[in-house]
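Architecture at a glance
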Amino acid sequence: MLNKLKTLLKHLWLDASDTRRAIPPDMLQRLARRVAASERRHSGEIRICVEASLPLSYLWRLGKQNSIAALTRQRAVTMFGKLRVWDTEHNNGVLIYVLLAERAIEIVADRGLARHVGPDQWQALVARMAAAFREQRYEDGLTQALEETSAVLMQHFAVDGSEEGAQARANELPDAPLLQ
């Protein structure tokens with residue numbers, strides 16, 4: 001009961017201002033430019049979502065059957081759907097989800113990409129991000145994750161590198177990270 005109360009208080013304490021402190025406007029712009037540059041080289045779509053805390057509706061489910069890790073994964077999958085990452089032409093969208101309250105990171109890849117990339121590869125990427133985040137190097141961690149995700153997408157979904165090929169590819173989702 002005490003751990004549940006501590007978790008609840010931590011999530012109630014953090015808000016969008018904490019997210020903006022971790023990811024200030026200049027970093028947000030650099031990340032959006034990196035996402036756009038990445039997406040010119042492959043047909044995939046990458047979204048970044050950083051949330052300060054889980055909504056109360058998730059926290060009420062915390063208990064014997066739902067660990068905070070399971071709730072974090074559920075939230076990432078929900079955001080994958082809400083942000084329409086699943087709704088790309090080639091089913092190769094990727095969500096990089098960060099929950100600051102738990103220092104948790106989730107990668108959710110659509111089925112077109114999941115056929116090519118196993119969970120071990122995503123977990124290794126998450127571990128490298130987490131190492132950077134522990135040192136509060138959020139930009140480094142997110143940039144590295146973007147580069148690694150881009151490399152995977154280029155390996156399986158590369159587009160013609162010409163200017164015409166890059167212009168022909170529609171940008172299906174916003175490039176700017178979502179901060180909540």
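Our subject in this report is the structure included herewith.

What counts and what doesn't
Residues numbered from 1 in each chain as written. Predicted model: local features only at pLDDT ≥ 70, side-chain atom pairs only at ≥ 80, totals over all residues. Heavy atoms only, no water. Patch = residues over 30% accessible without salt bridge, like charges linked within 9 Å, V, L, I, M, F, W, Y side chains within 5 Å. Areas by Shrake-Rupley, 256 points an atom, 1.4 Å probe, with all protein chains shown as cover. Salt bridge = Lys/Arg side-chain N within 4 Å of Asp/Glu carboxyl O. Helix = DSSP H or I, 4+ residues; strand = E, 2+ residues; numbered from the N terminus. Buried < 20%, exposed > 50% of the residue type's maximum accessible area, 1.4 Å probe, protein only. Pairing = 2+ DSSP bridges.

**Overview of a nonpolar patch on the surface**
A contiguous nonpolar surface patch, about 530 Å² in accessible area, is contributed by Leu5, Leu9, Leu12, Leu56 and Trp60. At three residues, the largest contribution of residues to the nonpolar patch is made by helix α1 (residues 2-13). The topology assignment puts leucine 5 in helix α1.

**Things to note about the pairing of strand β2 (residues 93-99)**
Of all seven residues in β2, seven are buried; the element is thus mostly enclosed. With burial as the criterion, each face of β2 is covered, one bearing Gly93, Leu95, Tyr97 and Leu99 and the other bearing Val94, Ile96 and Val98. Of the strand pairs in this sheet, strand β1 (residues 45-51) and β2 are connected by seven bridges, and their pairing is parallel. Across the sheet, residue isoleucine 46 finds its bridge partner in β2, namely valine 94. Examined bridge by bridge, β2 and strand β3 (residues 104-109) share six bridges and lie antiparallel to one another. Paired with leucine 95 across the two strands is valine 108, which belongs to β3.

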